[in-house]
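Structural features, examined
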Amino acid sequence: MAGDVQVMRRKKNLRAAKAGVCLSVLGVWAAASLYGCGFGETSSLEKPYSFEERPFVTEELAQDGETLTVPLFARDLCVVADEAAFDGEEVDSEAGVLFSLSDGEVLYSKNAFERLYPASTTKIMTALLAVKYGNLEDMVTVTEDAVITEAGATLADLKPGDTLTMEQLLYGLMLPSGNDAGAAIAVHMSQSIENFAALMNEEAARLGATGTHFVNPHGLHDENHYTTAYDLYLIFNEALKYPKFREVTKTVAYTANYKDKDGGDVSKVWEGGNWYLTGKRQAPEGVTVFSGKTGTTQAAGCCLVMASRNGGESGDEYVSIVMKAKNRDNLYENMTNIISKIVN
């Protein structure tokens, strides 16, 4: 939905027998009604209603003037209205979407609100919290919490006692999809995995990702760890607002130089897994991929969250998401079919 909710305020003393104020805002303030009642001209309210003192009143709202405006929550977001309008034959993954960030157009949507396991696309939220609330210059000493022994878990090969910066951990999180890097970020920022998961869920709620619940910073399988394609769009869209996130997620390879527990030098080369960025798979002609995150577990299938442009650096930007594809080849077949709609 687009537009502004108009809130009218009269600059007169409250003298009527009954007076009401009604505010309706899409999002966090979905519906709130506030009423004040007087009892005749000689009566006065013990606690008269004050618009300026309400907790939702911002500087934007409190400006002088007869008319005040409240921005709608979804004013700058893509909104899925009718998935039946899209032909789903060319996409056989469980879910897939294509949204324009430039004009809010929904170019494709299949099962956008179905709850699915996100696998390592979870790390988009971890990276968002790191760039939004963390200090990338912090020196971090890796703890035992980063030791992950689950079979098939992707790692940055960090060891307890290693000391490196938050920025280096961010690359270790997003390029080799290091579950150990995610745990190190979580413990550094929130003192525990559980506390960081709570922060993840708070941020998801703030972004309107109501179909999401996280229990860890990396996406290893848990039945209580889930999201939707639309929620991943909301999270990814927010992350793309940060230049450092864009810089990290467009990087093909990164060399990290840091210290081990004994003060010795360690050098690791971390490589990304997005086939469009590494050149293993070609995007449709006229489409440039510039950011993304893959994720794979047995329960989640193969997933990819990605950002693209049509044309060069000044082209319109798009977010495309594929969830629960059958295998890696099928993942990129589905994604290619989706992003082909950008230039068709």
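Comments concerning the overall build of the protein chain
Counting secondary structure elements, the protein chain contains eight helices and 13 strands. Out of the 344 residues in the protein chain, the part that is buried amounts to 49%. Pairs at least 24 residues apart make up 62% of the contacts formed inside the protein chain by residues separated by at least 6 positions. Split by element, the accessible area of the protein chain, about 17,100 Å² in all, is 48% carbon and sulfur.

So, the sheet that holds strand S12 (residues 301-310)
If you trace the five strands from one edge of the open sheet to the other, you get S6-S5-S13-S12-S11, paired in antiparallel fashion. Either end of the sheet is taken by a strand with one partner, and the two such strands are strand S6 (106-110) and strand S11 (287-297). Strand-to-strand twist across the sheet, computed as the mean angle between neighbouring axes with direction ignored, equals 10°. In this sheet, strand S13 (residues 317-325) lies alongside strand S5 (residues 95-100) in antiparallel orientation, the contact comprising six bridges. Residue pairing in the sheet places leucine 98 in a bridge with serine 320 of S13. Packing against the sheet, helix H5 (residues 229-239) makes contact with S5, S11, S12 and S13, and its axis sits at approximately 140° to S13.

Some details on the packing of helix H1 (residues 123-133) against H5
Packed helices, taken two at a time, are described by their axes: the angle between them and the distance between them. Close contact between H1 and H5 brings their axes to 9 Å; oriented N to C, the two are set at 30°. In this view, H1 runs roughly parallel relative to H5, as classed from their interaxial angle. Crossing geometry of H1 relative to H5 is assigned as left-handed. Counting all contacts with H1, which are made through Ile124, Met125, Leu128 and Lys132, the residues of H5 involved are Ile235, Phe236, Glu238 and Ala239. In terms of residue class, the contact of H1 with H5 is built from six nonpolar, no polar and two charged.

What about the pattern of salt bridges?
Scanning the model with the defined rule gives 15 salt bridges in all. Note that lysine 132 and glutamate 238 form a salt bridge whose closest N and O atoms lie 3.1 Å from each other. Of this pair, lysine 132 sits in helix H1 while glutamate 238 sits in helix H5; the two residues are 106 residues apart in sequence, bridging distant segments of the chain. Of the charged contacts in the structure, one is a salt bridge between glutamate 247 and lysine 244, with a shortest N-O distance of 3.1 Å. Of this pair, glutamate 247 and lysine 244 both sit in helix H6 (residues 243-249), three residues apart, which is roughly one turn of that helix. The class for glutamate 247 is partly exposed, based on a relative accessible area of 34%.

Description of the packing of aromatic side chains
Counted according to the given criterion, the structure contains ten aromatic pairs. Taken together, a centroid distance of 5.9 Å and an interplanar angle of 70° make the contact between phenylalanine 236 and phenylalanine 245 edge-to-face. Phenylalanine 245 matches phenylalanine 236 in its accessibility class, with the two residues each being buried. Following the ring pairs from residue to residue traces out a cluster consisting of Phe99, Phe113, Tyr230 and Tyr233. A cation sits over an aromatic face here: arginine 309 above phenylalanine 290, 4.0 Å from the ring centre.

Quick notes on unusual backbone geometry
Even without being a glycine, serine 177 presents a positive backbone phi close to 60°. Locating serine 177 in the fold gives a position in the loop between helix H2 (166-174) and helix H3 (179-190). Take serine 177: its relative accessible area is 8%, and that puts it in the buried class. A positive phi angle is found at lysine 324, which is not glycine, with a value near 60°. Structurally, lysine 324 is set in strand S13.

So, how was this worked out
Residues numbered from 1 in each chain as written. Predicted model: local features only at pLDDT ≥ 70, side-chain atom pairs only at ≥ 80, totals over all residues. Heavy atoms only, no water. Helix = DSSP H or I, 4+ residues; strand = E, 2+ residues; numbered from the N terminus. Buried < 20%, exposed > 50% of the residue type's maximum accessible area, 1.4 Å probe, protein only. Contact = heavy atoms within 4.5 Å. Areas by Shrake-Rupley, 256 points an atom, 1.4 Å probe, with all protein chains shown as cover. Pairing = 2+ DSSP bridges. Axes fitted to C-alpha atoms, helices over the stretch in contact; angles between N-to-C directions. Parallel < 35°, antiparallel > 145°, perpendicular 65-115°, else oblique. Left-handed = near helix turned anticlockwise from the far one by under 90°. Nonpolar A, V, L, I, M, F, W, Y, C, P; charged D, E, K, R; others polar. Salt bridge = Lys/Arg side-chain N within 4 Å of Asp/Glu carboxyl O. Phe/Tyr/Trp six-rings, centres within 6.5 Å; stacked < 30°, edge-to-face > 60°. Lys NZ or Arg CZ within 6 Å of the ring centre and 35° of its normal.

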